[in-house]
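# A structural walkthrough
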Amino acid sequence: MAQKPRRTSAVEKKLVGVADVVITAAQRRKDPTLAIPVRSLSNVTFNQRNGLIEMGKRKQARSFFNVGMAKKFMQTVLVADALCELQRANLTTSLREIYYRTKHTIKNSHENTLDTQDESDPLIEDLEVTLAALREELHVRAENAGSVVGPLVLVDDGDRVDCAKLGKGGYSVPSIVEPEYLQITRCTADFVLLVEKGTQWNRLSEDKFWRTYNCILLTGNGQPPRGVRRLARRLHEEKRLPVYVLVDNDPWGYYIYSVIKQGSINLAFESQRMAIPKAKFIGLSSGDPESYGLPRNVGIKLNDKDIARARELLAYTWFQKKSWQEEIKRMLSSGLKYELDALANKDFQYLTKQYLPRKLKEKDWLD
Amino acid sequence: MGLCLYGDMRKLNPSKTSPPATPPKPAVSAVEMGARQRDISVSEFFTKNRHLLGFDNPRKALLTCVKEAVDNALDACEEAGILPDVVVKVEAVANGEPPLPPSQASRFRITVTDNGPGIIRQQIPPIFAKLLYGSKFHRLRMSRGQQGMGISAAGMYGQLTTGKPVQIISRTSARAPAHYFEVQIDTKKNEPLILEKKQIAWESQRGTQVTMEVEGRYQKGRASVDEYIEQTIIANPHARLTYLTPEGETKEHPRTYPQLPPSPREIKPHPYGIELGMLLKMLQDTKSHWLSGFLAGDFSRVSPRLAEDICKAAGLSPRARPRDVHGQAAETLYKAIQSTKIMAPPTNCLSPIGEKAILSGLYQQIKGDFYTAASRPPAVYRGNPFVIEAGLAYGRGPEQGQESQEKQAMPLAEGEQQQDDNELARVIRYANRVPLLYQQSACAIFKAVLDTGWRNYGVSQSRGALPSGPMVIFVHMASVWVPFTSESKEAIADYDEIRKEITLALRECGRRLGAFLSRRERADSEHRRRNIFELYIEEVVESCNRLKGGRLPTAKLKEQLQKMALARTGGEKTDELLGKNGGGPEGLPHSIIVTSEGVEGEVPALIGEAPEGAVSSNGAPEEEEKTAKPSRRTGKTRRRRGGKQRTAGKPTTRAVRRKA
Ligand SMILES: Nc1ncnc2c1ncn2[C@@H]1O[C@H](COP(=O)(O)OP(=O)(O)OP(=O)(O)O)[C@@H](O)[C@H]1O
Ligand SMILES: [Mg+2]
């Protein structure tokens, strides 16, 4: 990263703006206040036209001269300071390092600026939304928690990476995949298959499914991290590849799909850069057990949490399509959920040899 | 000492027990059995049942011996109108073996010396070596001792466990000689055996000294001798008590209250307070010739008219001979008495400690930030007048608070927390000024403390538990007859009337504590607000400066922000809340508030010490200090307080500057 050219980024200016808020307010004898967009369900709307979850206009004031907020305000300025330091040094860092960087004992006291990382993480999100800067732009990365294989050639820090020649382990997707860090030089695939679970991605990778069906296999090991979502989005946008999402058949699987497709509630402002409104839900559908003859005994009884979550999903505006209401209600009425792994009940290679081929052939997916 | 001897003896007497219903073949004939019957002396009885008198185990026995001697010393002094000056000495005795540290020793010598009236020569042997011999049993008057059993039982315990006699020195005046006695008890006969008696030279002009050697165990902590002494001081601030510990320390507890409690009057029993058996006994013992005369003469609050009314209600002649009233007639009389409306007994037989003295005792003995005391007016249970007094000491004291703040100076690591201790309040219980150290949970006082809703007063409390926090709860019951749950005088029985009075007294203290806590809370939160802004301004300014590439005029920004902070935390108002302008414990009667700035309220002045350092540091003229008695304790200072002299805001408010 060291050889990246140093640019006085817009982000840096935005961060310095936090200091200006304080300075200007002090000059005018006003209480320094940051207006932070509210990050909750009540402040997002689903834009039917572009299919994205968008953040509303509601903001909350964070003022310094308010006993309840003073500390948070101070911490926010502290985090802005640390983020600005990253910009100037052109380094990237993790959430945890930000926490350590900003933690110290306040002068003349025995109080820490921060006590746990739980305090600094939301502040970074606050700054992202307030400054309208992506986490990548703030140079904060997550762990590399995703993998990719397939007919794809990338350049990472000047190194050429051919994702067709990395064995079954594939390439570990970095958390920042913006063009200045990662270039896509060649891509001959027909589509992207984003798999929720690492185990099933392994299965497909081992079976060289990507070669047979000429696709890119991506996984995020659960809720896909930003790097994986961003890479899928870039492949979709730059290489015009359709994206299919393969998740467990449970409310969490549905939600993972929806985050990929429409964006998340918490970071709705990023939908613009992350979401893939045309992504398709290929499975596991609540109709599949019947269509594919999965025995009832490989299902798992929905627990109270699952049921509550499913009901929440039913209420989200972006799940109002008739097909989706049917899909979720079918799961609820069956009272069962199914893991992708359950397909192994029929055959170890059932996913590779039967399930996906048939799904693709029948174009059996949900939008 | 208390022992329901009558009942126990009856149980013991085999002649009263009925024979087994239908013995197939009696193993022992009635004649044989008859031959085995014989008298049991009190002392023999006690030898087998020492637990009834508080000698269950060596540790408790040591405490009981000290307690009996000290209680007697205080009783004697008070009755004689002398301010008590008592010295308690407890030493480990080697007993031939190499000396052991006190915590491992099993034998102790206890010496208690008082400056009381002394005991005349002839009385010394029976007082110390005859059970059930005393001056307090046959009267209804508030005192610590009742039964005439205490000191002789302690002596006998010593005799049983070490074989050593009790040694007594007593002198009744400077002109009289001092008598030295060594006595033992003849347990068969319950009579004193005099091993040695002589006149000796004694440095004291008047008083009594008793020395006993007993088997015991010395261990500090709960229900220890040390705790007994400490708690005795709290309830008896008019006494000077010197405690020479087994470890060789000398703990001086100066007198902190200058007056003897008013001497309680002796009263006759109130008719509501006696049981049928007692009535029968009184009917037999009375000197009156007529029933009406007996009723009017032997009871309190029964006028001749009322006596006639009672007789009429019972269908008995007022002229009946009391001795002839028994059986059914006595029972009818008893019922008639109970259903007649009789005025409550007089209360001048009681001598409560008083709010001022309780405050004084708590303040001297317990570190805290807040003290209060409340006495209830006299009340009556079963014909016995009683008074409940409660007190509270709350907090750790300003020095402690500072110390713990210093301890926190180390930055906390993740997961570490500022330790908030969940210590529970300590309840200290008293009956007629004697601390009750055992059987807490059986006691009406303890139950009343649990039942009080402490949360209403800003103190946390889990269900069915003591309130938590640095708090000592003091409750005293003064009565001519304290109803104990058992012979060993350890817990007060749970009468509704008593419980109610305790609860009312506790609530009053609780309310004052609540007022204090909320006032402090408000002040603290203002203070915290101000602190918060001041602390964070520094951080914010530094961060802004770094964001601005180090080119920020930081001093200016800081100043601007600080000005705003001050304006927002209401400068003077906060000072007021913080008590910096001399608010005093207004609205909180009989209370003391201690802050690092000083002490406010009814602060007791130490007695018998020359006022030193009368010039205060702020140059206040001498006159201003006339109500305050600057004092300085030298040497064995138990507690120190620092702080500035605060000028008294009200005439009743005294402020004391103590030099640390
Ligand atoms: N230090 C003393 N100075 C003067 N008189 C004393 C002293 N100690 C005891 N007495 C007298 O001896 C009597 C007997 O004392 P003892 O402790 O045996 O019984 P008590 O105090 O009357 O009752 P209790 O058994 O409840 O203690 C007392 O009533 C008191 O008159
Ligand atoms: Mg006694």
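Residues numbered from 1 in each chain as written. Chains lettered and ligands numbered in written order. Predicted model: local features only at pLDDT ≥ 70, side-chain atom pairs only at ≥ 80, totals over all residues. Heavy atoms only, no water.

### What to know about the overall build of chain A
Stated precisely, the cut-off is as follows: Helix and strand definitions here come from DSSP, where helices need a minimum of 4 consecutive H or I residues and strands a minimum of 2 consecutive E residues; each element is numbered from the N-terminal end. We call two residues in contact when some of their heavy atoms are within 4.5 Å. Each accessible area value is a Shrake-Rupley result obtained with a 1.4 Å probe; residue values ignore everything except the protein chains displayed when judging cover.
Assigned secondary structure in chain A consists of 13 helices and 17 strands. Put simply, of all contacts in chain A between residues at least 6 apart along the chain, 75% involve residues at least 24 apart. Of the roughly 16100 Å² of accessible surface on chain A, a fraction of 50% belongs to carbon and sulfur atoms.

### Some thoughts on the overall build of chain B
Secondary structure summary: chain B contains 17 helices and 16 strands in total. Considering only contacts within chain B whose residues lie at least 6 apart along the sequence, 72% involve residues at least 24 apart. Accessible surface computed for chain B: about 31600 Å², of which carbon and sulfur atoms make up 50%.

### Some details on the interface of chain A and chain B
Interface size is commonly expressed as the accessible area that is lost once the parts come together. Short version of the rule: A quick way to say it: buried area is the sum, across both parts, of accessible area lost when two parts are put together, with a 1.4 Å probe. Between Lys or Arg on one side and Asp or Glu on the other, a salt bridge is scored when a side-chain nitrogen of the former is within 4 Å of a carboxyl oxygen of the latter. Polar contacts here mean pairs of N or O atoms no more than 3.5 Å apart (in protein, one a potential hydrogen donor and the other a potential acceptor; neighbouring residues in sequence count only if both atoms are side-chain atoms).
Taken residue by residue, the interface counts 42 residues in chain A and 32 residues in chain B. Surface buried jointly by chain A and chain B totals about 3100 Å² across both partners, of which 65% is contributed by carbon and sulfur atoms. There are two salt bridges connecting chain A and chain B. Note that A:Asp20 and B:Lys548 form a salt bridge whose closest N and O atoms lie 2.5 Å from each other. Counting every contact that joins chain A to chain B gives six residue pairs in polar contact (both at pLDDT 80 or more). Mapped onto the side of chain A that touches chain B, the elements with two or more residues apiece are α1 (10–27), α2 (70–89) and α3 (95–102) of chain A. Considering every element that reaches the side of chain A that touches chain B, the biggest residue donor is α2(A), with ten residues.

### With respect to the packing of aromatic side chains
Going by this rule: Side-chain rings of Phe, Tyr and Trp (the six-membered ring for Trp) are treated as a pair once their centres are within 6.5 Å; stacked means planes under 30 degrees apart, edge-to-face means over 60, and tilted covers the remaining angles. Each residue gets one of three labels from its accessible area relative to the maximum for its type: buried under 20%, exposed over 50%, partly exposed in between, using a 1.4 Å probe on protein chains only. Charges are assigned to positions over rings by a cutoff of 6 Å between ring centre and Lys NZ or Arg CZ, combined with an angular limit of 35 degrees from the ring normal.
Within the structure shown, the criterion is met by 26 aromatic pairs over all chains. Ring centres of A:Tyr99 and A:Tyr100 lie 4.9 Å apart, and the angle between their planes is 40 degrees; this geometry places the pair in the tilted category. With relative accessibility at 0%, the residue A:Tyr99 sits in the buried group. Since its relative accessible area comes to 47%, A:Tyr100 is described here as partly exposed. Aromatic ring contacts, followed pair by pair, group A:Tyr254, A:Tyr257, A:Phe281, A:Phe319 and A:Trp324 into a single cluster. Sitting over the ring of A:Tyr255, A:Arg309 keeps its end group 4.6 Å from the ring centre. Across the ring face of B:Tyr438, the terminal group of B:Lys60 is positioned such that the distance to the ring centre comes to 4.3 Å.

### Some points on the sheet that holds strand β4 (residues 178–186) of chain B
Residues and elements named next belong to chain B. Counted only if it meets this: For two strands to be treated as a pair, DSSP must find at least two bridges joining them. Every axis corresponds to a line fitted to the C-alpha atoms, with the helix fit spanning only the stretch in contact, and the corresponding angles, defined between N-to-C directions, vary from 0 to 180 degrees.
In spatial order, the strands read β5-β4-β3-β6-β2-β1-β7-β8; together these eight strands make up an open sheet with mixed pairing. The open sheet has two edge strands with one neighbour each: β5 (191–200) and β8 (250–253). With direction set aside, neighbouring strand axes in the sheet form an average angle of 15 degrees. Pairing of strand β7 (residues 240–244) with β8 involves four bridges; the strand directions are antiparallel. Note on β8: the bridge partner recorded for Tyr-243 is Lys-251.

### Here we look at the pattern of salt bridges
Scanning the model with the defined rule gives 64 salt bridges over all chains in all. When the shortest N-O distance is used, the salt bridge between B:Arg546 and A:Asp81 registers 2.4 Å. Here the residue B:Arg546 occupies a position in helix α15 (residues 496–547), and A:Asp81 occupies one in helix α2, the pair thus bridging two chains. B:Arg546 sits in the partly exposed class, given a relative accessible area of 40%. Look at A:Asp81 and you get buried, because its relative accessible area is 8%. One salt bridge in this structure joins A:Glu237 and A:Arg233, with 3.0 Å as the shortest N-O distance.

### Details of the packing of helix α9 (residues 291–298) of chain B against helix α10 (residues 304–314) of chain B
Residues and elements named next belong to chain B. So the rule is basically this: Between 65 and 115 degrees an angle is taken as roughly perpendicular, under 35 as roughly parallel, over 145 as roughly antiparallel, and anywhere else as oblique. Left-handed describes a crossing whose near helix is turned anticlockwise from the far helix by less than a right angle; the clockwise case is right-handed.
Interaxial distance between α9 and α10 falls to 8 Å at its minimum, and their mutual angle equals 130 degrees. As summarised for this structure, α9 and α10 are arranged oblique, according to the angle between their axes. Seen along the crossing, α9 lies across α10 with a hand that is right-handed. In this structure, α9 uses Leu-291, Ser-292, Leu-295 and Ala-296 to contact α10, whose residues at the interface are Pro-304, Ala-307, Glu-308, Ile-310 and Cys-311.

### Overview of the confidence of the model for chain B
Residues and elements named next belong to chain B. Going by this rule: Scored from 0 to 100, pLDDT reflects the predictor's confidence in each residue.
In the predicted model, chain B carries a mean pLDDT of 81, and the fraction of residues at 70 or more is 79%. Low pLDDT, under 50, characterises residues 1–20; the predicted model gives this stretch 33 contacts beyond four residues in sequence or across chains. Counting interchain partners and residues more than four positions distant, the pLDDT-below-50 stretch residues 606–660 has 97 contacts. Among the prediction metrics, the complex's ipTM stands at 0.79, with pTM recorded as 0.61.

### Considering the pairing of strand β7 (residues 146–149) of chain A
Residue and element names in this part refer to chain A. Of the two faces of β7, both are covered, the one formed by Gly-146 and Val-148 as well as the one formed by Ser-147 and Val-149. Pairing geometry for β7 and strand β10 (residues 171–173), over three bridges, is antiparallel. In the sheet register, Ser-147 faces β10, and the bridge partner there is Ser-172. Sheet analysis places β7 next to strand β13 (residues 215–219), joined by three bridges and oriented antiparallel.

### Quick look at the packing of α1(A) against helix α16 (residues 554–568) of chain B
For any two helices packed against each other, one specifies the inter-axial angle together with the distance between the axes. In plain terms, the rule: The residue classification treats Ala, Val, Leu, Ile, Met, Phe, Trp, Tyr, Cys and Pro as nonpolar and Asp, Glu, Lys and Arg as charged. All others, Gly included, are polar.
Taken N-terminus to C-terminus, the directions of α1(A) and α16(B) make an angle of 60 degrees; their axes are 9 Å apart at the nearest point. As for how α1(A) packs across α16(B), the hand of that crossing is left-handed. Seen from α1(A), the contacting residues are A:Val22, A:Ile23, A:Ala25, A:Ala26 and A:Gln27; seen from α16(B), they are B:Lys556, B:Leu557, B:Gln560, B:Leu561 and B:Met564. Its residues assigned to classes, the contact of α1(A) with α16(B) shows seven nonpolar, two polar and one charged.

### Examining unusual backbone geometry
All names here are of chain A. Residues Gly-283 and Leu-284 are joined by a peptide bond in cis, for which omega reads -10 degrees. Secondary-structure assignment places Leu-284 in the loop between β15 (280–283) and α10 (288–291). Here Asp-157, not a glycine, exhibits a phi torsion of approximately 55 degrees, which is positive. With respect to the helices, strands and loops of the structure, Asp-157 is situated in the loop between β8 (152–156) and β9 (159–162). You can call Asp-157 partly exposed: its relative accessible area is 33%. Not every positive phi belongs to a glycine, and Asn-214 is a case in point at roughly 45 degrees. Tracing the backbone shows Asn-214 in the loop between α6 (209–213) and β13.

### Things to note about the side chain of A:Glu327
Here A:Glu327 lies in helix α12 (residues 322–334). Those residues in contact with A:Glu327, other than ones at most four positions away along the chain, are A:Asn249, A:Tyr254, A:Phe281, A:Leu284, A:Ser285, A:Ser286 and A:Leu366.

### Quick word on helix α6 (residues 150–162) of chain B
All names here are of chain B. Applicable threshold: To estimate the expected span of a helix, count its residues, drop one, and scale the result by 1.5 Å.
Its 13 residues place the ends of α6 18 Å apart at the C-alpha level, agreeing with the 18 Å of an ideal helix rising 1.5 Å per residue. Counting buried positions over the 13 residues of α6 gives twelve, a clear majority of the element. All of the buried residues in α6 are Gly-150, Ile-151, Ser-152, Ala-153, Ala-154, Gly-155, Met-156, Tyr-157, Gly-158, Gln-159, Thr-161 and Thr-162.

### A word on the sheet that holds β9(A)
Residue and element names in this part refer to chain A. Strands sit in the order β9-β8-β11 across an open sheet of three strands; the sheet is antiparallel. Edge strands, defined here as strands with exactly one partner in the open sheet, are β9 and β11 (182–187). Taking the axes of each pair of neighbouring strands and ignoring which way they run, one obtains an average angle of 20 degrees across the sheet. Sheet topology places β8 next to β9; four bridges connect them, and they run antiparallel. Looking across to β9, one finds that Val-155 is bridged to Arg-160. Sitting on the sheet, helix α7 (residues 226–238) is in contact with β8 and β11, with an inclination near 50 degrees to β11.

### Some points on α1(A)
Residues and elements named next belong to chain A. The terminal C-alpha atoms of α1 lie 25 Å apart, and with 18 residues this matches the ideal 26 Å at 1.5 Å per residue to within 8%. Residues Val-11, Glu-12, Leu-15, Val-16, Val-18, Ala-19, Val-22, Ile-23, Ala-25 and Ala-26 constitute the buried set of α1. A positive phi of about 55 degrees marks Arg-29, the residue just after α1.

### Brief notes about the environment of B:Arg144
Residue and element names in this part refer to chain B. Structurally, Arg-144 is set in the loop between α5 (124–129) and α6. You can call Arg-144 buried: its relative accessible area is 6%. Between the C-alpha atoms of Arg-144 and Arg-433, which are 289 residues apart in sequence, the distance is 7.1 Å. Here the side chain of Arg-144 touches Asn-236 through a polar contact of 2.6 Å, side chain to side chain.

### Quick look at the environment of B:Glu275
Residue and element names in this part refer to chain B. Position of Glu-275 relative to the elements: it lies in the loop between β8 and α8 (276–285). Assessed through its relative accessible area of 49%, Glu-275 is described here as partly exposed. Between the C-alpha atoms of Glu-275 and Arg-382, which are 107 residues apart in sequence, the distance is 9.7 Å. In contact with Glu-275, not counting residues within four places along its chain, are Tyr-334 and Arg-382.

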